[in-house]
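The residues making up each chain are set out below.
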Amino acid sequence: MKEIFQEYGGILITVVAILSVILVVVAVIGSDENGAIGIAFKGLIDSFVARANSSIGIGE
């Protein structure tokens, strides 16, 4: 076990750090529309599309 950590310790730490960052990003943004930032971003995009359609005369 000691030899494995000596040989691959840096790689293991890097992999764990990258997975941790991915986990935090998914937790904050959300995987679908269930995160606070995901909901806000969807609202922003919907508002932009509605205003763009309104400005060129496309009604829904």
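For every chain, the first residue of its written sequence is number 1, and the numbers climb from 1 along that sequence. A pLDDT threshold of at least 70 governs which residues receive local features in this predicted model, and a stricter bar of 80 or more applies before side-chain atom pairs are shown or counted, although totals over entire chains, interfaces and linings include all residues. The basis for the side-chain values is all heavy atoms of the structure; hydrogens and waters are excluded.

A separate point is the overall build of the chain. Along the backbone of the chain there are two helices and zero strands. Remark: exposure states derive from per-residue accessible area (1.4 Å probe, protein chains only) relative to the maximum for the residue type, with buried under 20%, exposed over 50%, and partly exposed in between. The buried share of the chain, reckoned over its 60 residues, is 8%. Accessibility throughout is a Shrake-Rupley quantity obtained with a 1.4 Å probe, and a residue counts as covered only by protein chains that appear here. When the accessible surface of the chain is totalled, it reaches about 5,300 Å², and 70% of it is carbon and sulfur. Helix numbers and strand numbers start at the N terminus; a helix is a DSSP run of H or I with at least 4 residues, a strand a run of E with at least 2.

Take the number of residues in a helix, subtract one, and multiply by 1.5 Å to get its expected span. Across its 28 residues, helix α1 (residues 2-29) extends 38 Å between first and last C-alpha, which sits within 8% of the 40 Å expected from 1.5 Å per residue. In this analysis the local bend is the angle between axes fitted, respectively, to the seven residues ending at and the seven residues starting at the residue. A bend of about 70° at Tyr8 is the largest found in α1.

Moving on, we get to helix α2 (residues 36-55). Here α2 contains 20 residues, and its C-alpha end-to-end distance of 29 Å stays within 8% of the 28 Å for a straight helix at 1.5 Å per residue. In the segment just after α2, Gly57 is the residue with positive phi, at about 90°.

To continue, consider the pattern of salt bridges. Whenever a carboxyl oxygen of Asp or Glu lies within 4 Å of a side-chain nitrogen of Lys or Arg, that contact is scored as a salt bridge. Following the criterion strictly, the structure yields one salt bridge and no others. Between Asp46 and Lys42 there is a salt bridge; the shortest N-O distance is 2.7 Å. Remark: Lys42 and Asp46 occur in helix α2; sequence separation between them is four residues, near one turn of the helix. Classification of Lys42 as partly exposed rests on a relative accessible area of 33%.

This part covers a nonpolar patch on the surface. On the surface, Met1, Ile4, Phe5, Tyr8, Ile11, Leu12, Val15, Ile18, Leu19, Ile22 and Val26 cluster together to form a nonpolar patch covering roughly 1,100 Å² of accessible area. Mapped onto the fold, Val15 is located in helix α1. Given a relative accessible area of 42%, Val15 falls into the partly exposed group. Candidates for patches are residues over 30% relative accessible area with no salt bridge; among them, like charges are joined within 9 Å and nonpolar side chains (Val, Leu, Ile, Met, Phe, Trp, Tyr) within 5 Å.

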